[in-house]
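Reading the structure
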Amino acid sequence: MPSYTVTVATGSQWFAGTDDYIYITLVGTEGCSERTLLDKPLYNDFERGAVDSYDVTVGENLGELELVKIEKKKYWVQDDWYCKYITVKTPSGDYVEFPCFHWLVDDKEVVLRDGKALLPKDDKTRLVKQHRHKELESRRKTYRWREWQPGIPMSIDANTHKELPRDIQFDSEKGVDFILNYSKFMHMFQSSWNDFADFERIFVRIKNTISEYVMQHWKEDFMFGYQYLNGCNPVMIQKCTKLPEKFPVTHDMVADCLEREMTLEEEIEAGNIYIADYELMEDISPNSTDPCTLQYLAAPICLLYNNSQSKILPLAIQLGQTPGKDNPIFLPSDGQYDWMLAKIWVRSSDFHIHQTVTHLLRTHLVSEVFGVAMFRQLPAVHPAYKLLLPHIRFTIAINTKAREQLICEFGIFDKVSVHNRNPKALAITLTLNLICRFPSFVWDVVCIYYDSDDTVQKDEEIQAFVKDVCSFGMQDLDCCGFPKSLKTREELTEYLTVIIFTASAHHAAVNFGQYDWCSWIPNAPPTMRKPPPRQKGVVDVKFIIQSLPDRGRSCWHLGALFLGMYPDEHFIEKPVKEAMESFRKRLAEVSSVIKIRNEGKKLPYYYFSPDRIPNSVAV
């Protein structure tokens, strides 16, 4: 009688193994096997990290294998099981791979297709077409859209992490990491620090090379300007082609700082003047969840100068959007503490824009939109699903945790941060930059499955995915810039590249620098406890210390910076594996160049080094 050898791999994460009964049914073009219990006498099957093999005997050859059905039934108490993959050796000696990467919970069954990626047009039999349809039908019931806050991208319909589908919840290790990272500095004290040196009492526990350098040089203008290009929020600086009327800086104000014997207007025309405008902070209400401490916001404008040594230095700072007598323009020539406090206010506003827009919105929330739409519209057999899944991993989970614990009302962000969760601060833009390494790899994968632009246009699943992102995830917002359909392979490549880049390199650039640049709290205050000064000459060091976060908020802030790739093989095709290997080699070359470039530098920049970039935002 024909015999098939079934190999089952159990996941290696905590609690992945099971003592429940596991049954398998093999389904082929010529018939299906009996429902078979996978069990070895006197052997503990399906332990964590195990790879077990079993023989399944059938009455006759099943033909070409199409599906594998796995069922889990309770033995004593319900015991969840994580199945990585199943490999079947046929009587003819061929091997068929069935990637799984699913949790089986309760008395649940999973029906798997073989690992070959296929577009809808490539499905030939009624059985696999039906499986494809049922998978998406089930997913759309499970992954539902919900508006969490007006004016921002839609999220998954779940209030807590436990309400999420088991497959997208954190693995136990990841969940523990998330909790522990927020408990390292959770000591709430309402008193102020005594002086700047006093901040070192908590800083000493987390310092590293860059953060120590920041601590030593944060007061200096070069460090202030350096962060606009190399800090964790390198998106605010813009070339100034004309001074806005709301920021009436004159040549006489800044003449002493200009080095090229040119007027301010000539420096602007020469392209040496830049501006950072925090207009998004205007009219946002300060956080009032703590009745014991008043908190304040500002919407500053900062003028910057590219000097003759190619250093970016601050020229002028206005702490509000409306010029006037009670909104002076602070200058480097002002008193030491006036200028220091003006720069601190800019750094505080930059922190809020970074956290809410650059980091939360443009990486986490946008990636979740792609993730929810992917689960709703792309079956596991679709090549785009296999390509994107590693970049969506745990994204929905970490965002749900954040909504549950971090950015909810009275959550950690309320404790540490001064601004309310105002939709205005989440204006949507998505820039394409620094992605030249990604398109070539994505193009290689796209061309393996799409032989023409017509194939893209006729792929109803990819078109439904794109439409779901725009029409539901982004709620058809005019400013979102996402297309509702794709017409060419080039457009598909660019679209998939944006998703991968956003979740990996973009997130790495704006996330991992937080530890370096924000851990020294005076350089990135999450809250200010005194209002912006309305005149010059009234500020001293005591006033500045009293303006900065108190001891408690400093500790909460540092805890929030400790936000932590599992290499699941979803593609089995040789051409894709070759494309991946080629991509890895190119990235390794980039990493090597970056390492050499950073050698000996006091302030190395490694956030874009591929060997330091995780696949997804959930780190």
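Residues numbered from 1 in each chain as written. Predicted model: local features only at pLDDT ≥ 70, side-chain atom pairs only at ≥ 80, totals over all residues. Heavy atoms only, no water.

Looking up the chain in an unreviewed UniProt entry gives the name Arachidonate 5-lipoxygenase, with the organism given as Salmo trutta. Recorded in UniProt under Sequence similarities (unreviewed entry), the annotation for the chain is "Belongs to the lipoxygenase family." Database annotation for the chain, UniProt heading Subcellular location (unreviewed entry): "Cytoplasm". (UniProt positions renumbered as here; feature names shortened; annotations may be inferred.)

Another aspect to go through is the side chain of Lys343. You can see Lys343 is positioned in helix H8 (residues 336–377). For Lys343, the side chain forms a polar contact with the side chain of Asp221, separated by 2.7 Å. In this structure, Lys343 is in contact with Lys219, Glu220, Asp221, Phe224, Pro314 and Ile317, ignoring residues within four places of it in sequence. (Helix = DSSP H or I, 4+ residues; strand = E, 2+ residues; numbered from the N terminus. Polar contact = N/O pair within 3.5 Å; in protein donor to acceptor, adjacent residues only side chain to side chain. Contact = heavy atoms within 4.5 Å.)

Once that is clear, we can look at unusual backbone geometry. Unusually for a residue other than glycine, Leu42 sits at a positive phi of about 55°. Considering the arrangement of structural elements, one finds Leu42 in the loop between strand S4 (36–37) and strand S5 (51–57).

Bringing the UniProt feature "site: Essential for stabilizing binding to COTL1" (unreviewed entry) in the chain into the picture now. The positions UniProt marks with the feature "site: Essential for stabilizing binding to COTL1" (unreviewed entry) are Trp103. Topologically, Trp103 is positioned in strand S8 (residues 95–104). The buried category is assigned to Trp103, whose relative accessible area is 2%. With near-sequence residues (within four places) excluded, Trp103 lies in contact with Gln13, Trp14, Phe15, Ala16, Asp80, Trp81, Tyr82, Lys108, Arg166, Asp167 and Asp171. (Buried < 20%, exposed > 50% of the residue type's maximum accessible area, 1.4 Å probe, protein only.)

On to the sheet that holds S8. Overall, antiparallel pairing links the four strands, which are arranged S5-S1-S7-S8 in an open sheet. At either end of the open sheet lies a strand with only one pairing partner, and these are S5 and S8. Each strand of the sheet is rotated relative to its neighbour by a mean of 20°, with strand direction disregarded. Direction of pairing for strand S1 (residues 3–10) relative to strand S7 (residues 81–89): antiparallel, over a ladder of six bridges. Within S7, the position partnered with Ala9 by the bridge is Tyr85. (Pairing = 2+ DSSP bridges. Axes fitted to C-alpha atoms, helices over the stretch in contact; angles between N-to-C directions.)

Turning our attention to the packing of helix H1 (residues 126–142) against H8. Put simply, H1 and H8 touch, their axes get as near as 7 Å, and they point 140° apart. By the angle between their directions, the pair H1 and H8 is classed as oblique. Within the contact between the two elements, H1 uses Leu136, Arg139 and Arg140 and H8 uses Met374, Phe375, Arg376 and Gln377. Its residues assigned to classes, the contact of H1 with H8 comprises three nonpolar, one polar and three charged. (Parallel < 35°, antiparallel > 145°, perpendicular 65-115°, else oblique. Nonpolar A, V, L, I, M, F, W, Y, C, P; charged D, E, K, R; others polar.)

Moving on: helix H9 (residues 383–392). Summarising burial for H9: nine of the ten residues are buried, a large majority. Looking only at H9, the buried set comprises Pro383, Ala384, Tyr385, Lys386, Leu387, Leu388, Leu389, His391 and Ile392. The positive-phi residue at the C-terminal boundary of H9 is Phe394, with phi of around 65°.

A word on the packing of H8 against H9. The geometry of H8 relative to H9 is characterised by a closest axis approach of 10 Å and an angle of 140° between their N-to-C directions. The angle between the axes of H8 and H9 places the two elements in the oblique class. The way H8 lies across H9 gives a crossing that is left-handed. In this structure, H8 uses Ser367, Phe370, Gly371, Met374 and Phe375 to contact H9, whose residues at the interface are Tyr385, Leu388, Leu389 and Ile392. The residue inventory of the contact of H8 with H9, partitioned by class, reads seven nonpolar, two polar and no charged. (Left-handed = near helix turned anticlockwise from the far one by under 90°.)

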